[in-house]
Amino acid sequence: MIEASHLTKIFKDKKRGEIRAVDDVSFTCRPGQIYGLLGANGAGKTTTLRLLATLLRPTSGFATVCGHDVATAANEVRANAGFLAASTALYGRLTAREMITYFGRLNSLNDSEIKARLRHLADELDMHEFLDRRCDKFSTGMKQKTSIARTLIHDPAVMIFDEPTLGLDVMTARSIVQFVRECRNRGKTVIYSTHVMSEVEKLCDVIGIIHGGRLVAEGTRPVLQERFGEKDMEEIFVKAAGGEAALVAALNR
Amino acid sequence: MNGKHIVTVYLKELKDSLRDRRTLISMIVIPTLIIPLLIFGVTTVMTRVMKQAHDEATSVIVINGAGSPAMVAALKADKKFRVIAPTDDYKQLISDKKVRVAVEIPKDFEASLKSGEHAVVTIYHYEGELKSGMGAGELERFFRAWRDKTVASRLTGRGLPASLVDPFDVKRENVAPPEKVGGNAFGGFIPYIIIILCFTGAMYPAMDLTAGEKERGTMETLLCSPVSRINIVIGKFLMVLTASVTTIFLAMLSMAASAAIGIMSLGGSARQLAAGAKAAGNTIPTIDPLGLLGVVAMVAPVAVLFAAVLLAISLFAKSYKEAQSYVSPLIIVIIMPAMLATLPGIELNARLALVPILNLSLVCKEMLSGVWHWNLIMLIFGSSCFYAGVALAFCVRMFNREDVMFRV
């Protein structure tokens, strides 16, 4: 379970002054559900997810992951969450097995637990063939599978995905989407950020539209369709953001 | 702090670094191969060049030599000289390095010597040019001998003994034991090399483990794990320290081995050299092993200081390249105080004992020459530990700053 309440993150920039990257955002993400955070580039998706993953500290407001406060119990939050983003890369000089084992140890698993879990994940993700090869020689698909195994080694209850399909080929992106769906089916709490409308339509149970750091609309797809009087997700998104002009202005900011 | 997490991070960084070509080169290849090769190679080339310059006959132009045939003949007979036909542009020839030196003697030099008049001999040379300087030295030696001969013949002519102008001899006798001579000779050089190696050994892993990780996107992956930042910092710091210490250790081992091989390959000639030096009353310099141990002990906190500072500075950079531009100029900052200590006249005192790096160089120089100022040694060790602690705390603080970790 993820709960965010009036979550705010302000960055100070010498040239641009105060930037409210996340502004008074509140939402709840339940187990067995995929919460989709939809927003344009620079809308505040990554900052929100980094706040939940305790990589950043909130300026005000609070959030809990599995009941642990992100500000005061960061280690417990990270022990219960798996964070996968386009920016979370692999150690190129380690093999997939070494990489996953390393993160198992960092998650305080003992060697026999890591071995068993690694076998299970390698079976599930079909990784046996490249498990002992160095990550810098991997194809994008192999890298993504290894990253998923790294995220899942400690079997976290909460999964945080920050644009995980960014820059991937169609087949790899499809396998990621399939994997996210499986996480939900296993009862995990999933939060998924993207700017790809089709992914939101395919995957998300609840959609939160974020624009200029603020959560401007939230609900299931039918609820949003009814509220904005549009069927198409893209049209709903543009309307929620305040029209095309507002989106262009935000992108140029 | 969690010891298990620290060890996990450290062992992973060690494995990762041992697979990194750049770290391997700076940690193993440079200290074991390049540095001894450089030191012994440069020394050999220098010795050879000097010997060649020394053995080569000095080309000399004698101005007004026609009036002094005996002196010119003596100069021509001396194998050290090659007399060139006189020309008016001798200064130009010296500047063009075509002739090493020229000597101007009075027109009737030999006649004026016989009549007892005072004469002036002028040697023309090119200041700062090695061969010209050596030639001028040789000419001075020749004319000194000529002068002594003239004095002796004048004394004999007047029935006086030669000892009249040479009433006593001056002799030097060394009282310093060999290790102290070695300490004074190498005392400035050894800590200088150690400080530079300590820094360069830590440089590449420090950049790779921080800015390199940021650039490759693995830093964010690591920070997602439930490990406190302090454990990550300490694990990484220990790896950088390992690289630094290994570099020093391998360099010292390699230099000692090269020196031993050098002596063994010289074999009999080295023994002859030692015997010759002893007979002449000189001492072959050696290094006091206790002094070397002292140097190692004093370098330890400085290695910690370097590792922590390099880690913190590199962490601020977004990429390996940016880290390089921050860290490379630091070598000058390290070299300057280390060099300062090699200058004569700069002696260790309580105030200098608080200046990092300079204090280490000075105390190492003293320890290697067998001087142990315990109060100052404690002060230096204490202050170095304090600086190292502050640097490490600063490093942990930097790791906790999100504007540094996620600098865009």
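Everything below is about the structure printed above this text.
Let me sum up the structure you'll find in this document. (Residues numbered from 1 in each chain as written. Chains lettered and ligands numbered in written order. Predicted model: local features only at pLDDT ≥ 70, side-chain atom pairs only at ≥ 80, totals over all residues.)

**Thoughts on the overall build of chain A**
Helix and strand content of chain A: 10 helices and 10 strands. For chain A, the C-alpha radius of gyration of 18 Å lies close to 18 Å, the compact-globule estimate for 253 residues. Taken along the three principal axes of its C-alpha coordinates, chain A extends 50 × 40 × 35 Å. Counting only residues that meet the buried cut, chain A has 46% of its 253 residues in that class. A separation threshold of at least 6 residues defines the contact pool for chain A, and within that pool the share at least 24 residues apart is 67%. (Helix = DSSP H or I, 4+ residues; strand = E, 2+ residues; numbered from the N terminus. Rg over C-alpha atoms; globule rule 2.2 N^0.38 Å. Buried ≥ 20, exposed ≤ 12 C-beta atoms within 10 Å, placed from the backbone. Contact = placed C-beta atoms within 7 Å.)

**Some points on the packing of helix H12 (residues 289-316) of chain B against helix H15 (residues 358-368) of chain B**
All names here are of chain B. For the pair H12 and H15, interaxial distance at closest approach is 8 Å and the crossing angle is 165°. Judged by the inter-axis angle, H12 sits roughly antiparallel to H15. In the packing of H12 onto H15, the handedness of the crossing is right-handed. Across from Gly291, Gly294, Val295, Met298, Val299 and Val302 in H12, the residues of H15 making contact are Leu360, Val363, Cys364, Met367 and Leu368. Of the residues assigned to the contact of H12 with H15, the class counts are 9 nonpolar, 2 polar and no charged. (Axes fitted to C-alpha atoms, helices over the stretch in contact; angles between N-to-C directions. Parallel < 35°, antiparallel > 145°, perpendicular 65-115°, else oblique. Left-handed = near helix turned anticlockwise from the far one by under 90°. Nonpolar A, V, L, I, M, F, W, Y, C, P; charged D, E, K, R; others polar.)

**Points about the interface of chain B and chain A**
Counting from both sides, the interface comprises 19 residues of chain B and, opposite them, 22 residues of chain A. Among the secondary structure elements, those contributing two or more residues to the side of chain B that touches chain A are helix H1 (3-18) and helix H9 (218-223) of chain B. Taken together, the residues of the side of chain B that touches chain A sort by class into 5 nonpolar, 7 polar and 7 charged.

**Digging into the sheet that holds strand E1 (residues 2-13) of chain A**
Across the sheet, which stays open at both edges, the 4 strands sit in the order E2-E1-E4-E5 (chain A) with antiparallel pairing between neighbours. Strand pairing shows two members of the sheet lacking a second neighbour, strand E2 (17-29) and strand E5 (68-69) of chain A, which therefore form its edges. (Pairing = 2+ DSSP bridges.)

**Quick notes on the packing of helix H5 (residues 140-152) of chain A against helix H6 (residues 170-185) of chain A**
All names here are of chain A. It is at 9 Å that the axes of H5 and H6 come closest, and there the two elements cross at 20°. Overall, the two elements H5 and H6 adopt an arrangement that is roughly parallel. H5 and H6 meet at a crossing whose hand is right-handed. Of the residues in H6, those touching H5 at Thr140, Gly141, Gln144 and Ile148 are Met171, Thr172, Ile176 and Phe179. Of the residues in the contact of H5 with H6, the class split is 4 nonpolar, 4 polar and no charged.

**Some words on the pairing of strand E4 (residues 60-65) of chain A**
Residues and elements named next belong to chain A. Of the strand pairs in this sheet, E1 and E4 are connected by 5 bridges, and their pairing is antiparallel. Opposite Glu3, over in E4, you have Thr64 as the bridge partner. Sheet topology places E4 next to E5; 2 bridges connect them, and they run antiparallel. Paired with Thr64 across the bridge in E5 is Asp69. What sits between E4 and E5 in their antiparallel hairpin is a turn of 2 residues, with Cys66 showing a positive phi close to 55°.

**Quick notes on H12 of chain B**
Look at H12 of chain B: 41 Å from first C-alpha to last across 28 residues, which is about the 40 Å you get at 1.5 Å a residue. Largest kink in H12 of chain B: about 30°, centred on Ala300 of chain B, with the proline Pro301 of chain B one to four residues after it. (Expected span 1.5 Å × (residues − 1). Bend = angle between axes of the 7 residues up to and from the residue.)

**A closer look at the pairing of E2 of chain A**
Residues and elements named next belong to chain A. For E1 and E2, the ladder comprises 9 bridges, and the chain directions are antiparallel. When the sheet's bridge partners are listed, Glu3 is paired in E2 with Thr28. Where E1 folds back on E2, the antiparallel hairpin that results is connected by 3 residues.

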